[in-house]
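# Geometric and topological summary
Below are the chains, spelled out letter by letter.
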Amino acid sequence: MSEDVAPELMRPATWRDIPAMLAVERAAFPDEPWDEAGLWAELASRPRRAYVVAAREGHDGLDGYAGLDVAGDVADVMTLAVHPRSRGRGLGALLLGRLHELARDAGATSVLLEVRSGNEVARRLYAARGYELVRTRERYYRSGEDALVLRKELDA
Ligand SMILES: CC(C)(COP(=O)(O)OP(=O)(O)OC[C@H]1O[C@@H](n2cnc3c(N)ncnc32)[C@H](O)[C@@H]1OP(=O)(O)O)[C@@H](O)C(=O)NCCC(=O)NCCS
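Below is a short write-up of the structure.

Reading the values: rules and limits
- Residues numbered from 1 in each chain as written.
- Predicted model: local features only at pLDDT ≥ 70, side-chain atom pairs only at ≥ 80, totals over all residues.
- Heavy atoms only, no water.
- Helix = DSSP H or I, 4+ residues; strand = E, 2+ residues; numbered from the N terminus.
- Rg over C-alpha atoms; globule rule 2.2 N^0.38 Å.
- Buried < 20%, exposed > 50% of the residue type's maximum accessible area, 1.4 Å probe, protein only.
- Contact = heavy atoms within 4.5 Å.
- Areas by Shrake-Rupley, 256 points an atom, 1.4 Å probe, with all protein chains shown as cover.
- Lys, Arg positive; Asp, Glu negative; His and termini not counted.
- Charge placed at Lys NZ, Arg CZ, Asp CG, Glu CD.
- Pairing = 2+ DSSP bridges.
- Axes fitted to C-alpha atoms, helices over the stretch in contact; angles between N-to-C directions.
- Salt bridge = Lys/Arg side-chain N within 4 Å of Asp/Glu carboxyl O.
- Expected span 1.5 Å × (residues − 1).

### A few points about the overall build of the chain
- Counting its secondary structure elements, the chain contains four helices and seven strands.
- Its helices and strands taken in sequence order, the chain reads β-α-α-β-β-β-α-β-α-β-β from the N to the C terminus.
- Relative to the globule expectation of 15 Å for 156 residues, the C-alpha radius of gyration of the chain, 15 Å, shows essentially globular dimensions.
- Here the C-alpha coordinates of the chain stretch approximately 40 × 40 × 35 Å along the principal axes.
- Taking all 156 residues of the chain together, 39% fall into the buried category.
- Long-range contacts, defined here as pairs at least 24 residues apart, represent 60% of the contacts in the chain between residues at least 6 apart.
- Within the structure as shown, the chain displays about 8,700 Å² of accessible surface, and the carbon and sulfur contribution to it stands at 49%.
- Of note, the chain has its 22 positive side-chain charges centred 1 Å away from the centre of its 26 negative side-chain charges.

This is the structure:
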């Protein structure tokens, strides 16, 4: 991971962040981005949902964001996205680490997520952070790609 991670600001998302979150979303998931209504619905579902945004110093807009569903002893990563201009600097790992903290604070003991089988970068990130394969959902995506369900046990 690069050392160039210091000057970013991570904070809870607010309604005002939605346009900038959408810009990150469209750049990160060009094929199937969430739309504005989807993001409004996610933020409307707080506090069960927890969203965090990251902005690097001197950049307009946002550089990444991530969301968690926290209910009971299992939390779900809803999304994790870093703008292409800001990748490879540790931001994705920072956001994921923040979700783990939020999950722990909410009393969760494990975190689940789904990732496309062909998403090598994300798979490497999750494997390095202790995620293990739970099961494969075959041809889960419209493209015919499999979804991998991964789980991480949170330390006490
Ligand atoms: C996946 C994603 C969030 C990673 O964000 P990022 O800020 O670039 O990630 P980081 O710089 O924190 O790197 C974290 C890890 O990802 C992996 N990684 C990052 N860039 C990589 C690259 N170009 N090639 C291979 N692995 C890479 C590495 O394992 C890295 O850990 P390391 O630096 O300790 O080796 C980002 O690529 C993204 O937004 N992708 C599109 C959306 C997406 O796929 N989201 C996940 C959906 S489940």
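Structure's up, so let's keep going.
### Side note on the sheet that holds strand S3 (residues 64–71)
- Read across the open sheet, the seven strands follow the order S1-S2-S3-S4-S5-S7-S6; overall the sheet is mixed. Looking at strand neighbours, the two that pair on one side only are strand S1 (8–12) and strand S6 (132–137), the edges of this open sheet. Within this sheet the neighbouring strands show an average axis-to-axis angle of 25°, counted without direction.
- Packing of helix H3 (residues 91–105) onto the sheet brings it into contact with S1, strand S2 (49–56), S3, strand S4 (74–82), strand S5 (110–116) and strand S7 (147–153), and relative to S4 it is tilted by some 160°.
- Packing against the sheet, helix H4 (residues 120–128) makes contact with S4, S5 and S7, and its axis sits at approximately 160° to S5.

### Here's the deal with the pattern of salt bridges
- Evaluation of the coordinates by the stated rule reveals twelve salt bridges.
- Put simply, Glu-101 and Arg-98 hold a salt bridge, and the shortest N to O gap is 2.6 Å. In this pair, Glu-101 and Arg-98 are both assigned in helix H3, three residues apart and thus about one turn of the helix distant.
- On the basis of relative accessible area, Glu-101 is assigned to the partly exposed category, the value being 39%.
- Here Arg-98 falls in the partly exposed class, since its relative accessible area comes to 28%.

### Regarding H3
- Helix length check: H3, at 15 residues, gives a terminal C-alpha distance of 21 Å against a target of 21 Å (1.5 Å per residue), a fit within 8%.
- Residues Leu-91, Gly-92, Ala-93, Leu-95, Leu-96, Leu-99, His-100 and Ala-103 constitute the buried set of H3.
- Where H3 ends, the next residue or the one after it, Gly-107, has phi of about 95°, a positive value.

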